[in-house]
Amino acid sequence: MQVPHLRTTEPDLPAGRRPRSGRVFRRPAVLTALGLLLALVVASAPDGRSPLTAGSAGGPDTGHPRWKRAFLASVDHPDAPPPRANDWNCEPAARHPRPVVLVHGTYENASSNWNALSPRLRAEGYCVFAGNFGAPRGDVVKGRAAIPDSAEEVARFVDRVLDRTGARQVDLVGHSQGGGILPRYYLKFAGGADQDEPARNKVHHLIGISPANHGSTVSGLATLAQRLHILAPVAEFGGQALADQTIGSAVNRRLDAGGDTVRGVRYTTLVTRWDRIVTPYERQYLRPGPSAGQVANITVQDVCPQDRTGHMGSPYDPVVLRLVSNALDPATARRPDCGPTEAAPGRDPS
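Definitions and limits used
- Residues numbered from 1 in each chain as written.
- Predicted model: local features only at pLDDT ≥ 70, side-chain atom pairs only at ≥ 80, totals over all residues.
- Heavy atoms only, no water.
- Helix = DSSP H or I, 4+ residues; strand = E, 2+ residues; numbered from the N terminus.
- Buried < 20%, exposed > 50% of the residue type's maximum accessible area, 1.4 Å probe, protein only.
- Contact = heavy atoms within 4.5 Å.
- Areas by Shrake-Rupley, 256 points an atom, 1.4 Å probe, with all protein chains shown as cover.
- Core = buried A, V, L, I, M, F, W, Y, C linked by side-chain atoms within 4.5 Å.
- 1 Å grid on protein atoms, 1.4 Å probe; cavity = no way out; pocket = protein on both sides within 12 Å on 5 of 7 lines; lining within 4 Å.
- Points joined across faces, edges and corners; volume = space filled by probe spheres on them.
- Nonpolar A, V, L, I, M, F, W, Y, C, P; charged D, E, K, R; others polar.
- Phe/Tyr/Trp six-rings, centres within 6.5 Å; stacked < 30°, edge-to-face > 60°.
- Lys NZ or Arg CZ within 6 Å of the ring centre and 35° of its normal.
- Salt bridge = Lys/Arg side-chain N within 4 Å of Asp/Glu carboxyl O.

## Section: the overall build of the chain
Line of reasoning, step 1. Of regular secondary structure, the chain possesses 12 helices and 6 strands.
Line of reasoning, step 2. The proportion of buried residues among the 350 residues of the chain is 54%.
Line of reasoning, step 3. The long-range share in the chain, meaning contacts at least 24 apart out of those at least 6 apart in sequence, stands at 77%.
Line of reasoning, step 4. Accessible surface, the chain: about 15,000 Å² in total, of which carbon and sulfur atoms supply 53%.

Shown next, in the form of structure tokens:
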């Protein structure tokens, strides 16, 4: 992965003049902050639990190790779609007339994020499509670009899906950035929805798994970066998407103005209390705007109290997978199996 050049001082300062403290790029602090963030994402205790929660009551997060395996498998082919996705000859069936577009999260890619959900939904009869956003081709770690730029990429991808399938609308399923700030920005500002004529909306339903909806403290790391005045260099080094997803960012302020939702679009959030990336987890919930959007906020532990899935493991958690299927097709909804058995990719344990 190529990263932008890290500038250490302001350019062209007169001799003897100190740079303004807010503009100094503190390399050790930046690298430390990024290292801590990476540790939160990939670290796992031997039993599958995050070191932050190991030793607490409850069982292991079975989804987290499966995400790590999928991510490592994607390294050799970072632009490949997940299994059974992106069949551009797929014709939506009458039972499932809307294609499902999967939107990955920050520092992920389509293959690593959707290795379980994509084949599952295809087996259920959906046309499934998954793009890669927010990074150049060949980069394993994607979802780094500024949210408005990635929203334009999502817009082009959705338009291609609609054109090739002949469908009028799609359903979006996303994780983290891809389930919250990114698709919501696409809906409000990049053509995903027409707030004057909702019948022209390109999206019927947005389902967010561990969605980054209103900014995050990242278990205090983002707050620390703001207080140390290193958020800008962290974003320059690690991607503007990091800064855009902090609490109070310009993107979040613009997005939240006028309500969380748009007319004519249904919203479902699937939230886990064990999330240590989008924190506090309550910030993932959506509030319906005036006469706009039908919202279902679902906390995984309200359905299965013993479920220990965390942020990265949630797209691989059998309970979450069942809840996604239920949201897409309420007519065939079933209560998830809350047992400890880990489902194979694309299979439902219930």
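Back to the write-up after that little detour.
## Considerations on the nonpolar core
Line of reasoning, step 1. Of all hydrophobic cores here, the largest spans 40 residues; its most connected members are Leu102, Leu117, Leu121, Val173, Val324 and Leu328.
Line of reasoning, step 2. For this core, the leading source of residues is helix α12 (residues 318–328), giving 7 residues.
Line of reasoning, step 3. Residues within four places of Val173 in sequence aside, it is in contact with Val100, Val101, Leu102, Val103, Trp114, Leu117, Ile207, Ile209, Val324 and Leu328.
Line of reasoning, step 4. Formed by 34 residues, the second largest nonpolar core is a distinct cluster that contains Ala151, Tyr185, Leu206 and Leu255.

## A short note on the layout of surface pockets
Line of reasoning, step 1. In this model, the largest pocket occupies a volume close to 340 Å³.
Line of reasoning, step 2. Around the largest pocket sit 16 residues that line it, and Gly131, Asn132, Phe133, Arg137 and Phe157 are the ones nearest its centre.
Line of reasoning, step 3. Looking at which element gives the most residues to the lining of the largest pocket, the answer is helix α5 (residues 147–165), with 4 residues.
Line of reasoning, step 4. Among the residues forming the lining of the largest pocket, the class breakdown is 7 nonpolar, 3 polar and 6 charged.

## Here's the deal with the packing of aromatic side chains
Line of reasoning, step 1. All chains considered together, the criterion is met by 6 aromatic pairs.
Line of reasoning, step 2. Taking the centre distance of 4.8 Å and the plane angle of 40° together, the rings of Trp88 and Phe129 count as tilted. Note that Trp88 is positioned in the loop between α2 (63–74) and β1 (100–103) and Phe129 in strand β2 (residues 128–130), a separation of 41 residues in sequence.
Line of reasoning, step 3. When its relative accessible area of 16% is taken as the criterion, Trp88 is described as buried.
Line of reasoning, step 4. Three or more aromatic residues joined by ring pairs make a cluster, and in this case those are Trp88, Phe129, Phe133 and Phe157.
Line of reasoning, step 5. The ring of Trp88 carries Arg160 above its face, with NZ or CZ at 3.8 Å from the centroid.
Line of reasoning, step 6. Above the face of the Phe189 ring, Arg254 is positioned so that its terminal group lies 3.8 Å from the ring centre.

## Focus on the pattern of salt bridges
Line of reasoning, step 1. As enumerated under the stated definition, the model contains 13 salt bridges in all.
Line of reasoning, step 2. A salt bridge links Lys142 to Asp79; its shortest N-O distance comes to 2.8 Å. Taken together, the residues span a long stretch of sequence, with Lys142 in the loop between β2 and α5 and Asp79 in the loop between α2 and β1 at a distance of 63 residues.
Line of reasoning, step 3. We classify Asp79 as partly exposed; its relative accessible area is 22%.
Line of reasoning, step 4. Note that Asp256 is salt-bridged to Arg184, the shortest N-O span being 3.2 Å. With Asp256 in helix α10 (residues 250–256) and Arg184 in helix α6 (residues 181–189), this pair connects stretches of sequence that are 72 residues apart.
Line of reasoning, step 5. Overall, the relative accessible area of 24% leaves Asp256 in the partly exposed class.
Line of reasoning, step 6. Put simply, Arg184, Asp256, Asp260 and Arg287 are held in one network by salt bridges that share partners.

Taken by themselves, the reported measurements are silent on function.
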